[in-house]
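Structure assessment
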Amino acid sequence: MAYNLLKGKKGIIFGALDEKSIAWKVALRAKEEGAEFVLTNAPIAMRMGEINKLAEQCNAEIIPADATSVEDLENLFTKAQEILGGKIDFVLHSIGSSPNIRKGKAYGDLNYDWFQKTLDISALSFHKVMQVAEKQDAMNEWGSIVALSYIAAQRVFPDYTDMSHAKAVLESIARNYGYRFGKLKNVRVNTISQSPTKTTAGTGVGGFDAFYDYADKMSPLGNASAEACADYTITLFSDLTRMVTMQNLMHDGGFSFMGISEDIVDMISK
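A quick note: this is a predicted structure, and the numbers were derived from the prediction, not measured.

1. Notes on the UniProt feature "binding site: NAD(+)" (unreviewed entry) in the protein
- The feature "binding site: NAD(+)" (unreviewed entry), as given by UniProt, occupies Gly 15, Ser 21, Ile 22, Ile 95 and Lys 167 in the numbering adopted here.
- As for its placement among the helices and strands, Gly 15 is situated in the loop between strand 1 (10-14) and helix 1 (22-32).
- In this structure Gly 15 touches Ser 21, Ala 23, Thr 40, Asn 41 and Ser 94, once residues within four positions along its chain are discounted.
- Within the secondary structure layout, Lys 167 lies in helix 7 (residues 161-185).
- Taking relative accessible area as the criterion, Lys 167 reaches 7% and is therefore assigned buried.
- Among residues more than four places away in sequence, those in contact with Lys 167 are Leu 148, Ser 149, Tyr 150, Ala 153 and Tyr 160.

Shown next as structure tokens:
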């Protein structure tokens, strides 16, 4: 059901790779809620994904951009405002990649050049996006910027290795830029700490199935789906959450506040 929550709003959505992507689901929901937006992803990711199909469904234009490149981001924000006919009301940062995880490097054997790439792609790109938006004065008053995070920023998940550090940096950037953008233009900046989700990127993490099932059994509501995350993101883009900023918002079915659940006790006891 649509509520016209984003009627008249204009946005940029980073990171829609395929139909499993949270960013893909957000784009579909944003369209349903009346928004206009452009889609963007790194050229290499675009070759791997199906973003053209999404663009057709949403009647949205695609602007290729490497989010680690300030030059690409400057072009993105300039063109987005031209295409959309005005400043930006919302931005979704749904970007994350770890060469160390992709290539099976254990935490005690990290390649530090790859580690720096993990931080640049998954966290520093968020700062670059907002810095470019600020310098271009591209955001409307009371705009909303959201990035996707994970509880490994606060807790240890052995196979998440250097991505856990990237998520911690991402959340810190959200707090610091949230203060800055709030004072400048009443723009709010938040992160959503989502349940483990069966996206193309998520399932690439070693042991994913095990901690997906564990989280599902630990959470009183079960794991939050990609569709539910999209719904939550839309509320943060809307005017209903104007006073929410600098927060890391747990969207995990209650997992983050659990010590142990009956399901886990039963599983261990067998």
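2. Describing the state of the cysteines
- All told, the structure shown has 0 disulfides when counted by the stated rule.
- Cysteine Cys 58 shares no disulfide, and the gap to the nearest cysteine sulfur, in Cys 229, comes to 16 Å.
- Taking the relative accessible area as the measure of exposure, Cys 229 reaches 0% and is therefore buried.

3. Some points on a nonpolar patch on the surface
- A surface patch of nonpolar side chains, about 370 Å² in accessible area, is lined by Ile 260, Val 265, Met 267 and Ile 268.
- Among the secondary structure elements, Ile 268 is positioned in helix 10 (residues 262-269).
- Residue Ile 268 is classed as exposed on the basis of its relative accessible area of 59%.

4. Re the pattern of salt bridges
- For the structure shown, the criterion picks out 13 salt bridges.
- As a salt-bridge pair, Arg 29 and Glu 33 come within 3.1 Å of each other at their nearest N and O atoms.
- Residue classification places Arg 29 among the buried positions, given a relative accessible area of 14%.
- Arg 242 is the salt-bridge partner of Asp 239, the closest N and O atoms lying 3.6 Å from each other.
- Owing to a relative accessible area of 39%, Asp 239 belongs among the partly exposed residues under this scheme.

5. Observations concerning the side chain of Ser 98
- Along the polypeptide, Ser 98 turns up in the loop between strand 3 (88-93) and helix 5 (99-102).
- Of note is the side chain of Ser 98, whose polar atom sits 3.5 Å from the side chain of Thr 118.
- Leave out the neighbours within four places in its chain, and Ser 98 touches Thr 118, Asp 162 and Met 163.

6. Quick look at the nonpolar core
- By size, the foremost hydrophobic cluster in this structure holds 31 residues, and its most contacted members are Phe 14, Phe 77, Phe 126, Ile 145 and Phe 181.
- Sorting elements by how many residues they give to this core places helix 6 (residues 112-135) first, with 6 residues.
- With sequence-adjacent residues up to four places away left out, Phe 181 is seen in contact with Met 130, Ala 133, Glu 134, Met 139, Ile 145, Asn 186, Val 187 and Val 189.
- Formed by 29 residues, the second largest nonpolar core is a distinct cluster that contains Cys 58, Phe 90, Ala 226 and Leu 249.

7. Points about the UniProt feature "active site" (unreviewed entry) in the protein
- Look at the UniProt record and you will see "active site" (unreviewed entry) annotated at Tyr 150 and Tyr 160.
- Not counting chain neighbours up to four residues away, the residues in contact with Tyr 150 comprise Phe 157, Tyr 160, Lys 167, Glu 171, Ser 193, Gln 194, Ser 195, Pro 196 and Phe 211.
- Its relative accessible area of 10% is what places Tyr 160 among the buried residues.

8. Details of the pairing of strand 6 (residues 248-251)
- By the alternation rule, side chains of strand 6 split into Leu 249 and His 251, which are all buried, and Asn 248 and Met 250, of which none is buried.
- Both strand 5 (residues 188-194) and strand 6 contribute to a ladder of 4 bridges, which runs parallel. From the neighbouring strand, Ile 192 faces strand 6, where its bridge partner is Leu 249.

9. Quick look at the packing of helix 8 (residues 208-218) against helix 10
- The contact between helix 8 and helix 10 brings their axes to 7 Å, and the two run at 125°. Relative to helix 10, the element helix 8 is oriented oblique. For the pair helix 8 and helix 10, the contacting residues are Tyr 214, Lys 217 and Met 218 in the first and Asp 263, Ile 264 and Met 267 in the second.

Thresholds applied
Counting from 1, residues in each chain are numbered in the order their sequence is written. Since the coordinates come from a predicted model, pLDDT governs what is reported: local features require at least 70, and pairs of side-chain atoms require 80 or more to be given and counted, while whole-chain, interface and lining totals use all residues. Values reported for side chains reflect all heavy atoms of the structure, with hydrogen atoms and water molecules removed beforehand. UniProt positions are given in the numbering used here, feature names are shortened, and annotations may be inferred rather than shown by experiment. Secondary structure is summarised from DSSP: a helix means a run of H or I of at least four residues, a strand means a run of E of at least two, and numbering begins at the N terminus for each. Between two residues, a contact is recorded if the distance between any of their heavy atoms is within 4.5 Å. We call a residue buried when its accessible area falls under 20% of the maximum for its residue type, exposed when it is over 50%, and partly exposed in between, using a 1.4 Å probe and counting protein chains only. In what follows, a disulfide is any cysteine sulfur pair within 2.5 Å. To count toward a patch, a residue needs a relative accessible area above 30% and no salt bridge. Like charges then connect within 9 Å, nonpolar side chains (Val, Leu, Ile, Met, Phe, Trp, Tyr) within 5 Å. Surface exposure here means Shrake-Rupley accessible area, sampled with a 1.4 Å probe, where a residue is shielded only by the protein chains that are shown. Note on definitions: salt bridges are taken to be side-chain nitrogens of Lys or Arg within 4 Å of carboxyl oxygens of Asp or Glu. Here a polar contact is recorded for every N or O atom pair within 3.5 Å, except that within protein the pair must consist of a potential hydrogen donor and a potential acceptor, and residues adjacent in sequence are included only if both atoms are side-chain atoms. Buried Ala, Val, Leu, Ile, Met, Phe, Trp, Tyr and Cys residues form a nonpolar core when they are joined through side-chain atoms within 4.5 Å. Only strands joined by at least two bridges in the DSSP assignment are considered to pair. Here an angle of 0 to 180 degrees is reported between the N-to-C directions of two axes, which are lines fitted to C-alpha atoms, with helices fitted over the stretch in contact. Roughly parallel refers to an angle under 35 degrees, roughly antiparallel to one over 145, roughly perpendicular to one between 65 and 115, and oblique to any angle outside these ranges.

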